[in-house]
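# Topology and contacts: notes
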Amino acid sequence: MGVGGVPVDLFNPGQVFACLGFLEAADALLGDAEGGFDWSNEANIRFLLRAAGDDNPFAVVLQFLAEAE
């Protein structure tokens, strides 16, 4: 499974919804996507995403969007 993570401000609703959008897009593009917020370091909260395949799911979604017309 490909795994990736990005920092997120949980007090910013736009960032939280963007994380959920990445989760949905990764599931549509790669399948078997799972995501969650990692609170283990409260100074650096991250959204972790994994999906089928070997590539970073964030990179796959961003590449898809960059090539979309």
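The present account deals with the structure reproduced in this document. (Residues numbered from 1 in each chain as written. Predicted model: local features only at pLDDT ≥ 70, side-chain atom pairs only at ≥ 80, totals over all residues. Heavy atoms only, no water.)

## Overview of the overall build of the chain
For the chain, the count of helices and strands is two helices and three strands. In sequence order, the secondary structure elements of the chain are arranged as β-α-β-β-α. Taken against the 2.2 N^0.38 rule, which gives 11 Å for 69 residues, the C-alpha radius of gyration of the chain at 12 Å falls within 12% of a compact globule. Dimensions of the chain, computed from C-alpha atoms along their principal axes, come out at roughly 35 × 25 × 15 Å. (Helix = DSSP H or I, 4+ residues; strand = E, 2+ residues; numbered from the N terminus. Rg over C-alpha atoms; globule rule 2.2 N^0.38 Å.)

## What to know about the nonpolar core
Counting ten residues, the largest nonpolar core consists of Val-8, Cys-19, Ala-26, Ala-33, Ile-45, Phe-47, Leu-49, Ala-51, Phe-58 and Val-61. Those elements that provide at least two residues to this core are helix 1 (13-29), strand 3 (46-51) and helix 2 (57-67). Here this core takes three residues from strand 3, the largest share from any one element. Setting aside anything within four residues of it in sequence, one finds Ala-33 in contact with Leu-23, Ala-26, Asp-27, Arg-50 and Ala-51. (Core = buried A, V, L, I, M, F, W, Y, C linked by side-chain atoms within 4.5 Å. Buried < 20%, exposed > 50% of the residue type's maximum accessible area, 1.4 Å probe, protein only. Contact = heavy atoms within 4.5 Å.)

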